[in-house]
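Inside the fold
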Amino acid sequence: MQSKLEGWSEKYELGIEEIDLQHHYFLDLIARLSKELQSSNDHSYHKSLFIELGLYTHFHFISEENLMYRASFPGLKEHKKLHNQLIDGLNRNKLLFEDGYIQALQVVEFLELWFLNHTVGEDRKFADFLKKSEQD
Ligand SMILES: [Fe+2]
């Protein structure tokens, strides 16, 4: 199965270097998880892959929230809620996959939607805010 995202592209760039670097790495992690979940049956390796993705997600979200805080972004509280929902969703997918209720493909679809809706969509609101406050 090929990922719908097909690697990093300029269209995903928000113009905030620190965040773009982290999003790029996040996308690479999704691609790796997708490939490895399907090519390996090693249960403990699967667990480790989810831990790797989960830890990076935590780091990235906190890093983004701190950046928003420094910029006095008014949408920070709402954005934090979205981050928490994604973490809950990730934990749910991890458990369902590990217990055999869903396939790797479904986990990957969840992550791809996350990337497209949140990383490219919601995070852009912050980028737009930053651009606007630089102009003022
Ligand atoms: Fe975000």
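As recorded in an unreviewed UniProt entry, the protein chain goes by the name Bacteriohemerythrin, listed as coming from Candidatus Thiodiazotropha taylori. Annotation of the protein chain in UniProt includes, under Sequence similarities (unreviewed entry), the sentence "Belongs to the hemerythrin family."

Points about the overall build of the protein chain
Secondary structure assignment for the protein chain yields four helices and zero strands. Written out in order from the N terminus, the α and β elements of the protein chain read α-α-α-α. Rg of the C-alpha trace for the protein chain: 16 Å, near the compact-globule value of 14 Å for 136 residues, within the 12% margin. The C-alpha extent of the protein chain, read off along each of the three principal axes, is 55 × 30 × 20 Å. Within the protein chain, the proportion of its 136 residues that are buried is 12%. Across the protein chain, every contact between residues at least 6 apart in sequence was considered, and the portion connecting residues at least 24 apart equals 68%.

Details of the environment of Glu98
Structurally, the position occupied by Glu98 is in helix α3 (residues 76-98). In the structure, Glu98 is positioned 23 residues away from Gly75 in sequence and 35 Å away in space, judged by C-alpha atoms. In contact with Glu98, not counting residues within four places along its chain, are His46 and Lys47.

Observations concerning the nonpolar core
Judged by nonpolar contacts, Phe26, Leu27, Ile30, Leu33, Val107, Val108 and Leu111 together constitute the single largest core of seven residues. Counting only elements with at least two residues in this core, the list comes to α1 (17-39) and α4 (104-135). Ranked by residue count, the leading element in this core is α1, at four residues. When neighbours within four sequence positions are excluded, Ile30 is seen to be in contact with Leu111, Glu112 and Phe115.

Digging into the UniProt feature "domain: Hemerythrin-like" (unreviewed entry) in the protein chain
Feature annotation in UniProt places "domain: Hemerythrin-like" (unreviewed entry) on residues 15-128, given in this structure's numbering. Structurally, residues 15-128 is divided into 87% helix and 0% strand, and its ends, taken at the C-alpha atoms, are 10 Å apart.

Some thoughts on helix α2 (residues 43-70)
Taking 1.5 Å as the rise per residue, α2 with 28 residues should run 40 Å; its terminal C-alpha atoms sit 41 Å apart, in good agreement. Ser72, located one to two residues past α2, shows a positive phi value of around 55°.

Things to note about the packing of α1 against α2
Packing of α1 against α2 brings their axes to within 11 Å, and their N-to-C directions diverge by 165°. Classed by the angle they form, the pair α1 and α2 counts as roughly antiparallel. The two elements α1 and α2 cross, and the hand of that crossing is left-handed. Of the residues in α2, those touching α1 at Glu18, Ile19, Gln22, Phe26, Leu29, Leu33, Glu36 and Leu37 are His46, Leu49, Leu53, Tyr56, His60, Ser63, Glu64 and Leu67. Across the contact of α1 with α2, the residue classes break down as nine nonpolar, four polar and three charged.

Observations concerning α4
The first and last C-alpha atoms of α4 sit 45 Å apart over 32 residues, in line with the 46 Å expected at 1.5 Å per residue. At Arg124, α4 is deflected by roughly 35°, the largest bend along its length. Looking only at α4, the buried set comprises Val107, Val108, Leu111, Thr119, Asp123 and Phe126. Buried-residue contacts for α4 involve α1, α2 and α3.

Procedures and definitions
Residues numbered from 1 in each chain as written. Predicted model: local features only at pLDDT ≥ 70, side-chain atom pairs only at ≥ 80, totals over all residues. UniProt positions renumbered as here; feature names shortened; annotations may be inferred. Helix = DSSP H or I, 4+ residues; strand = E, 2+ residues; numbered from the N terminus. Rg over C-alpha atoms; globule rule 2.2 N^0.38 Å. Buried ≥ 20, exposed ≤ 12 C-beta atoms within 10 Å, placed from the backbone. Contact = placed C-beta atoms within 7 Å. Core = buried A, V, L, I, M, F, W, Y, C linked by C-beta atoms within 7 Å. Expected span 1.5 Å × (residues − 1). Axes fitted to C-alpha atoms, helices over the stretch in contact; angles between N-to-C directions. Parallel < 35°, antiparallel > 145°, perpendicular 65-115°, else oblique. Left-handed = near helix turned anticlockwise from the far one by under 90°. Nonpolar A, V, L, I, M, F, W, Y, C, P; charged D, E, K, R; others polar. Bend = angle between axes of the 7 residues up to and from the residue.

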